[in-house]
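# Tertiary structure, described
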Amino acid sequence: MAIRQIVQIGEPVLRKKAKKVEKIDEKIIQLLEDMTDTMYEADGVGLAAPQVGILKRVVVIDIGEGLIEFINPEIVETSGEYIDDEGCLSVVGESGAVKRPYYVKVRAFDRNGQLFEIEGEELLARAFCHEIDHLEGVLFVDKIEK
Ligand code: ZN
């Protein structure tokens, strides 16, 4: 386990599309564990692998209700919308109002290679969208309401 450095806005890696994980090996498990340590250390509610400089579709989230690990996550359902302030560990000191769905369902693999689905509302739905955006090279600052 180790704390990794969080990449800041301006670094090209944050703007690239992350690659699908083809095999869940020891390196991926290590990455998940390091990302979790890094997220907690930074007091964040989510972290995507590109934020530690790794272009893989791996995400960790904990909004205070327990750790969620995503490998190759996909949003399969959304509904409603709401606007709230958002920030990012890669955009230190900035926040802004972003419109996100109120409800989001995600399908992903867990660390054992099992496909699962999870639903979230409000902050959890927002975290799902924010972190999955990172896998596409999208940052919340692109979506701030004018
Ligand atoms: Zn972020």
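Description of the structure in this document. (Residues numbered from 1 in each chain as written. Predicted model: local features only at pLDDT ≥ 70, side-chain atom pairs only at ≥ 80, totals over all residues. Heavy atoms only, no water.)

Counting across every chain of the model gives 14 salt bridges. A salt bridge links K99 to E81, with the shortest nitrogen-to-oxygen separation between them at 3.9 Å. With K99 in strand 5 (residues 96–100) and E81 in the loop between strand 3 (68–79) and strand 4 (82–86), the pair connects residues that are 18 residues apart, well separated along the chain. On the basis of relative accessible area, K99 is assigned to the partly exposed category, the value being 39%. (Salt bridge = Lys/Arg side-chain N within 4 Å of Asp/Glu carboxyl O. Helix = DSSP H or I, 4+ residues; strand = E, 2+ residues; numbered from the N terminus. Buried < 20%, exposed > 50% of the residue type's maximum accessible area, 1.4 Å probe, protein only.)

As a further point, take the sheet that holds strand 3. Think of a sheet as strands paired side by side through backbone hydrogen bonds, with each pair either parallel or antiparallel. Read from one edge of the open sheet, 5 strands run 1-2-3-6-7, paired in antiparallel fashion. Bordering the open sheet on either side are strand 1 (46–48) and strand 7 (115–121), each of which pairs with just one other strand. With strand direction ignored, the average angle separating the axes of adjacent strands in the sheet is 35 degrees. With 6 bridges joining them, strand 3 and strand 6 (residues 103–109) adopt antiparallel strand pairing. The partner of I71 across the bridge, within strand 6, is F109. Strands strand 1, strand 2 (58–61) and strand 3 of the sheet are contacted by helix 1 (residues 26–41), whose axis makes an angle of about 35 degrees with strand 2. The strands touched by helix 2 (residues 123–135) within the sheet are strand 1, strand 2, strand 3, strand 6 and strand 7, with strand 7 carrying the most contacts at an inclination of about 125 degrees. (Pairing = 2+ DSSP bridges. Axes fitted to C-alpha atoms, helices over the stretch in contact; angles between N-to-C directions. Contact = heavy atoms within 4.5 Å.)

Let us now look at the coordination of the zinc ion. Ligation of the zinc ion by protein atoms is provided by C88 (SG), H130 (NE2) and H134 (NE2), these donors lying 2.0 to 2.3 Å from the ion. Donor residues for the zinc ion, ordered by position in the chain, follow C-x41-H-x3-H. With H130 and H134 both in helix 2 and 4 residues apart, this pair spans about one turn of that helix. On the accessibility criterion, H134 (1% relative accessible area) is buried. (Donors = N, O, S within 2.8 Å, 3.2 Å for Na, K, Ca; no water.)

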